[in-house]
Every structure is written in C-alpha cells, then in structure tokens.
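Residue strings, one per chain:
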Amino acid sequence: MRRGENKKPQTAVTLLLVVAMLFSHTLFTSAAVRYDVNRDGKFNISDATTIQKYRVGLLSEDDIDSAQADANRDGKITIRDATCIQMILAGILKETDDNNEDMKISINDTSIDVNWEENEAVDALKAAVKDNPMTINMSMYGGFEQVGSLDMSLPHNDTRITTEPGDVILYSGNQIVLFYGSNTWSYTRLGKIKNMNEEQLRELLSKGNVTITISI
Ligand SMILES: [Ca+2]
Ligand SMILES: [Ca+2]
C-alpha cells in the first residue's frame with residue numbers, strides 16, 4: 001500500500017475527534033471546574049501543562065481560563081501557578097488553601113507590597129523567610145539607597161543594571177538594597193516596590209537608617 005492511500009480514513013477520524021472535543025467543550029463551559037485551566041471540564045495534570053504552555057507562548061490568553069489559572073490567587077499567571085496546581089494534585093496543598101505566598105517587606109512599621117521577580121534568588125529568599133520572618137538593619141549609603149546584610153548567600157545572576165527608585169536588589173549575593181535613587185552596578189534584581197512614588201520612597205528611606213522585616 002502506498003502511504004497516501006491511508007489518508008482519508010485518518011482525516012475522517014481526526015474530524016470526528018475534533019467534533020467530539022468541541023461538543024464536550026460546549027457541555028462543560030457552563031460550569032467552571034476549579035483549576036480547570038484548559039476548560040475540558042476536568043482538573044488534572046494537563047491544567048498545569050496548559051499554564052506552562054501559556055507561559056512560553058505556545059498558547060494565548062484565549063486558550064485558557066485565566067481565573068482558574070491563577071491558582072495561588074496573586075493576580076498573576078506565572079509558572080508558580082503550574083507548581084501550585086501540581087502540589088494540589090499531589091496532595092501537598094489543599095484546594096481550599098489560600099496559596100498566595102507573596103513576600104512582604106516592612107520598612108520600620110510601614111508594610112509595603114513588592115512585585116517580585118521570578119528567579120532563583122527570590123525563591124531562595126521565600127524559602128528562608130517562610131517560617132521565620134527575617135529582620136535586617138539597613139544603612140543609608142551614597143544618597144540613593146539603603147543596604148543591609150542578609151546573614152546568608154542567595155543564588156544570584158548579576159548583570160549590569162541601572163536601578164530606579166523602588167527597586168529591591170540583591171548585591172553580591174548576600175546584601176539587600178532598597179533604592180530611592182539610581183545607581184548603575186552589577187546586581188540581581190529581586191523586585192520592585194508597588195504603589196509608591198519617588199517622593200514617598202525618599203520620605204521613607206532617606207531620613208535615617210531603617211529596619212526592614214521580610215515575611216510571608
Ligand atoms: Ca482541565
Ligand atoms: Ca498566580
């Protein structure tokens with residue numbers, strides 16, 4: 001048999017499958033299943049895979065259920081949501097858990113929100129403060145930053161960057177720097193302080209040494 005002769009039945013089977021998939025899709029879209037990212041009516045490992053595909057650009061936002069994809073409820077769809085789903089499937093996290101594990105920084109007594117980077121340094125810092133918040137005495141330096149020692153070394157991937165007010169930076173793998181001004185140096189970015197303008201940051205950071213607490 002030549003290879004082409006087999007083509008027609010295969011096409012028919014493919015068409016049937018597509019029709020079946022479309023039909024089941026219509027059936028299930030009315031009732032959203034929790035964490036059913038790919039909208040197939042089921043919650044299983046393919047929902048984690050769907051987030052991974054979305055994150056690398058193989059799927060668009062139209063292909064996923066964004067509300068279900070934000071499994072850890074932090075308002076973003078990231079690879080952490082795929083991990084969160086895998087952990088729920090493995091029974092390590094409960095479906096009802098609030099799985100938003102965003103770290104916060106308190107500067108003296110002011111609690112601030114940070115948009116954290118997705119990198120190994122942030123993951124290691126999270127692991128370090130998960131059970132015990134970390135308190136760091138900071139020192140003013142250079143008229144643009146406060147710097148303090150972390151008592152530990154984090155994995156870092158330093159590149160030459162120019163910082164902006166609000167940047168939370170890892171310097172030399174073991175020092176955390178909060179910027180209210182700008183500097184160009186070789187750093188690893190940890191995150192950026194949310195909802196504070198330069199004036200507010202200066203008010204908070206340029207009037208004397210502060211103590212910060214990092215916690216989840
Ligand atoms: Ca699904
Ligand atoms: Ca999320």
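Residues numbered from 1 in each chain as written. Chains lettered and ligands numbered in written order. Predicted model: local features only at pLDDT ≥ 70, side-chain atom pairs only at ≥ 80, totals over all residues.

Caption draft 1: Spatial organisation of the pairing of strand β2 (residues 110–116). Relative to β2, strand β1 (residues 104–107) runs antiparallel, the two being bridged by four bridges. For I107, the partnering residue across the bridge sits in β2 and is T110. Direction of pairing for β2 relative to strand β9 (residues 184–193): antiparallel, over a ladder of three bridges. Bridging from a neighbouring strand, N115 pairs with K192 of β9. (Pairing = 2+ DSSP bridges. Helix = DSSP H or I, 4+ residues; strand = E, 2+ residues; numbered from the N terminus.)

Caption draft 2: The arrangement of helix α4 (residues 79–89) in detail. Every buried residue belonging to α4 is among R80, D81, A82, C84, I85 and I88, and all of these are buried. Where α4 is buried, its residues contact α2 (45–55) and α3 (66–69). Once α4 ends, the next one or two residues include G91, with phi positive near 85 degrees. (Buried ≥ 20, exposed ≤ 12 C-beta atoms within 10 Å, placed from the backbone. Contact = placed C-beta atoms within 7 Å.)

Caption draft 3: Just the nonpolar core, in detail. Ranked by size, the top nonpolar core spans 25 residues in total, and within it A121, L125, V168, I169, L170, L178 and L190 carry the most contacts. Ranked by the residues each element gives to this core, the list is headed by strand β8 (residues 175–179), at four residues. Once residues within four sequence positions are removed from consideration, L178 is found in contact with M138, E145, Q146, V168 and L205. (Core = buried A, V, L, I, M, F, W, Y, C linked by C-beta atoms within 7 Å.)

Caption draft 4: Here's a closer look at the packing of α2 against α4. Interhelical geometry of α2 versus α4 gives an angle of 170 degrees and a closest axis separation of 8 Å. In terms of orientation, α2 lies roughly antiparallel with respect to α4. Contacts between α2 and α4 pair I45, D47, A48, I51, Q52 and R55 from the former with I79, D81, A82, I85, Q86 and L89 from the latter. Each residue belonging to the contact of α2 with α4 can be placed in one class, and the counts come to seven nonpolar, two polar and three charged. (Axes fitted to C-alpha atoms, helices over the stretch in contact; angles between N-to-C directions. Parallel < 35°, antiparallel > 145°, perpendicular 65-115°, else oblique. Nonpolar A, V, L, I, M, F, W, Y, C, P; charged D, E, K, R; others polar.)

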